[in-house]
Amino acid sequence: MILTILTFLPLAAGVLIALLDTSRQKLGRNLAFATSLLALAVALELWAAFDTKYSGMQFIENVPWVPSLKIDYHLGVDGLGLLMVLLSALIVPFALLASWKIEHNPKLYFSLVLFLESGLFGVFTAQNFIHWFLFWELSLIPAFFLIQLWGGPQRTSAASQFFIYTVLGSIAMLAAFLAIYAATDAAARTFDFVQLAEAGRGRNWLAHHRTLGTACFFGVLLGMAVKVPLVPFHTWLPAAYSEAPTGTAMLLTGAMSKMGVYGFLRILWPIFPDQMRQFRLPLLALAAATIVLPAAAAFAQKDLKRMVAYSSVNHLGYCLLGIFAAIPLAGGSKLFSNDQAAALNGVIVQMFNHGLTASALFYFVGLIEQRGGALRGLNDFGGLRQAAPVFCGLMGIALFASLGLPGLNGFPGEFLIFKGALHLAAQTAVVSTLGLLLTAIFLLTILQRVFSGPLPARWSGWPDLTMGERLTVLPVMALIFVLGLFPQLLTGVANPAVMQMLKLL
């Protein structure tokens, strides 16, 4: 029952907070934060009880829900699901603290954040498509309203773009699974991920429907590609991230973007192995484009928030590179199995670490915007290191972690991905290294333009981080160092799930 408790705890608290009288705004904030800490405690309990020697699903809950349609209430986590649950549980209280000073109806805002957290937990624990899809959509609705109601001047168009893109992807994905269900013999119909994966490997539902199988693959691919996002389905992201309030942007990049990468590993990889092999080369090309083009776009930006937004796309492109490079070819040599394992382990490590560093960067940019009177241009500041050395130092750590500096948490995932990809897809990996160079240039440009040089007179009174702000960011800063020096804390959990993925293909 622990996964059920974890999933529905934020949902129940969110409903309770939404029903509070409008005069109880402070109580709503406190209840939301307390709930997020309780959810984090439950996630840590999962971590402590998780058996790293077992590669299958753990904490399984499986109860028939709609037996006539083969819909089950089926929960479980392996190493991949556990790390995504823990990441979500870490990001939400961080985002709530970043949103503490929201004045317009904070009770509703904090309630929607808890609804979003429940959606995240549901996506990362559900093992039946219908159950999973409900939580996938549950996360979309509060995210839309968080942007629409509390976003910047262009929030309406940004929220609309976000909604249209993600809904179209969801419709395509739902249609694909319904087509699979309809094309399968009545006795073998199922929405269970494990059974669908077995059918995909055995070609049971594809035996006489090759064209349909390809169409279904592209339908599911579209749903995942929009959520990551994969170029060219990324155009909604810069506007949504830059217009979203700081805490919401942290949730979008820190946790929600991982839903798409998770879907590639949990759904596309095991259920559509033939199609993944068939379209491996174009997928690799798209991964390289997702790395290089957003990095170039970030380099061209003058808005700090848009720079970090494009950087987020670039970093998730590394995850896609690792996934597509590790796709085993039909009759391929087993000599590359270690490289495949390295790439996939790197993907999972990168997902977790990017969630931490990207959310920290959005937090710092939000503070700059708040202190700068809504200014957040690259050339609006300068010399802030003189007035706010602690601010500069901590944001510099987050920037260097995002850059992939050895010793910080951004390095292990990227290293493992390129270690595997350079053997498995050498040409794509070489092209993708251009993204590393561009990332280094624009991240160092932020440090140079914002924190170095002479301090303008208008910013001479720029306040350094308060004690509350330092305590807010301290856990993430600590994890940046700990996970950079001891990546085995993540790989030890992820590797059994990775080996299970490779064994099944």
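Residues numbered from 1 in each chain as written. Predicted model: local features only at pLDDT ≥ 70, side-chain atom pairs only at ≥ 80, totals over all residues. Heavy atoms only, no water.

A. Quick peek at the overall build of the protein. Summing up its helical and strand segments, the protein has 20 helices and 2 strands in all. Per-residue burial over the protein gives 63% buried out of 505 residues. Contacts in the protein between residues at least 24 apart in sequence constitute 82% of all its contacts with a sequence separation of at least 6. Per element, the accessible surface of the protein, about 18300 Å² overall, is 67% carbon and sulfur. On the protein, the mean spot of the 29 positive side-chain charges and the mean spot of the 21 negative ones are 5 Å from each other. (Helix = DSSP H or I, 4+ residues; strand = E, 2+ residues; numbered from the N terminus. Buried < 20%, exposed > 50% of the residue type's maximum accessible area, 1.4 Å probe, protein only. Contact = heavy atoms within 4.5 Å. Areas by Shrake-Rupley, 256 points an atom, 1.4 Å probe, with all protein chains shown as cover. Lys, Arg positive; Asp, Glu negative; His and termini not counted. Charge placed at Lys NZ, Arg CZ, Asp CG, Glu CD.)

B. Fine view of the packing of helix H8 (residues 210-227) against helix H10 (residues 246-271). In the contact formed by H8 and H10, the axes pass within 7 Å of each other and the chain directions differ by 155°. In terms of their interaxial angle, H8 and H10 are classed as roughly antiparallel. Two packed elements cross with a definite hand, and for H8 against H10 that hand is left-handed. Contacts from Phe217, Val220, Leu221, Met224, Ala225 and Lys227 in H8 reach Met256, Ser257, Met259, Gly260, Gly263, Phe264, Ile267 and Leu268 in H10. Residues of the contact of H8 with H10, tallied by class, amount to 10 nonpolar, 3 polar and 1 charged. (Axes fitted to C-alpha atoms, helices over the stretch in contact; angles between N-to-C directions. Parallel < 35°, antiparallel > 145°, perpendicular 65-115°, else oblique. Left-handed = near helix turned anticlockwise from the far one by under 90°. Nonpolar A, V, L, I, M, F, W, Y, C, P; charged D, E, K, R; others polar.)

C. Region of the structure containing the layout of surface pockets. Estimated volume of the largest pocket: approximately 730 Å³. If you trace the largest pocket, you find 31 residues lining it, with Ala98, Lys101, Ile102, Thr246 and Gln370 closest to the centre. Of all elements in the fold, only helix H3 (79-98), helix H9 (237-243), H10, helix H14 (337-371) and helix H19 (467-485) reach the threshold of two or more residues within the lining of the largest pocket. Counting residues per element, the lining of the largest pocket draws most heavily on H14, which supplies 5 residues. For the lining of the largest pocket, the class distribution of residues is 12 nonpolar, 12 polar and 7 charged. (1 Å grid on protein atoms, 1.4 Å probe; cavity = no way out; pocket = protein on both sides within 12 Å on 5 of 7 lines; lining within 4 Å. Points joined across faces, edges and corners; volume = space filled by probe spheres on them.)

D. Looking closely at the pattern of salt bridges. Under the definition given, this model contains 5 salt bridges. The shortest N-O distance in the salt bridge between Arg376 and Asp303 comes to 2.8 Å. Here the residue Arg376 occupies a position in the loop between H14 and helix H15 (384-387), and Asp303 occupies one in the loop between helix H12 (280-300) and helix H13 (304-325), the gap between them amounting to 73 residues. Like Arg376, the residue Asp303 is buried in the burial classification. The partner of Arg371 in a salt bridge is Glu469, with the nearest N and O atoms 2.7 Å apart. With a gap of 98 residues between them, Arg371 in helix H14 and Glu469 in helix H19 connect regions that are remote in the sequence. Residue class for Arg371 comes out buried when judged on its relative accessible area of 17%. (Salt bridge = Lys/Arg side-chain N within 4 Å of Asp/Glu carboxyl O.)

E. Region of the structure containing the pairing of strand S1 (residues 58-66). Here S1 runs beside strand S2 (residues 71-77); their pairing, made up of 6 bridges, is antiparallel. Within S2, the residue paired with Pro64 across the bridge is Asp72. The turn linking S1 back onto S2 is made up of 4 residues, and Lys70 within it adopts a positive phi angle of 60°. (Pairing = 2+ DSSP bridges.)

F. Seen up close, H8. In this model H8 runs 26 Å from its N-terminal to its C-terminal C-alpha over 18 residues, within 8% of the 26 Å that 1.5 Å per residue would give. Taken residue by residue, H8 has Gly213, Cys216, Phe217, Gly219, Val220, Leu221, Gly223, Met224, Ala225, Val226 and Lys227 as its buried positions. Contact partners of the buried residues in H8: helix H5 (129-150), helix H6 (155-183), H10, helix H11 (273-278) and H12. (Expected span 1.5 Å × (residues − 1).)

G. Up close: a nonpolar patch on the surface. Together, Phe163, Ile164, Leu168 and Ile171 make up a nonpolar patch on the protein surface, roughly 380 Å² of accessible area in all. Assignment of secondary structure puts Phe163 in helix H6. Classification of Phe163 by relative accessible area gives partly exposed; the value is 34%. (Patch = residues over 30% accessible without salt bridge, like charges linked within 9 Å, V, L, I, M, F, W, Y side chains within 5 Å.)

H. Representation of the packing of H5 against H6 within the structure. One way to put it is that H5 packs onto H6 with a least axis distance of 9 Å and a crossing angle of 170°. Here H5 is positioned roughly antiparallel relative to H6, judged by the angle of their axes. Split into classes, the residues belonging to the contact of H5 with H6 amount to 17 nonpolar, 5 polar and 2 charged.

I. Fine view of the nonpolar core. In this structure, Trp132, Phe162, Phe324, Phe364 and Phe391 are the most contacted members of the largest nonpolar core, which totals 181 residues. In terms of residue count, H14 provides more of this core than any other element does, 17 residues in total. For Phe324, the residues in contact, after removing those within four places along its chain, are Phe264, Met276, Arg280, Leu283, Leu284 and Ala287. (Core = buried A, V, L, I, M, F, W, Y, C linked by side-chain atoms within 4.5 Å.)

J. Layout of the pairing of S2. Burial of S2 is extensive: 7 of the 7 residues sit out of reach of the surface. Of the two faces of S2, the one holding Ile71, Tyr73, Leu75 and Val77 and the one holding Asp72, His74 and Gly76 are both buried throughout.

K. Looking closely at the environment of Gln488. Looking at where Gln488 falls in the secondary structure, it is placed in helix H20 (residues 488-504). By relative accessible area, which is 46% here, Gln488 ends up partly exposed. Once the C-alpha coordinates of Gln488 and Val347 are considered, the two residues, 141 residues apart in sequence, prove to be 14 Å apart.

L. Region of the structure containing helix H2 (residues 25-49). For H2, with 25 residues, the first-to-last C-alpha span of 36 Å sits near the 36 Å given by 1.5 Å per residue. For H2, every residue scored as buried is listed here: Gln25, Gly28, Arg29, Ala32, Thr35, Ser36, Ala39, Leu40, Val42, Ala43 and Leu46. Summarising the contacts, the buried residues of H2 are in contact with helix H1 (2-18), S1, H3 and helix H4 (106-125).

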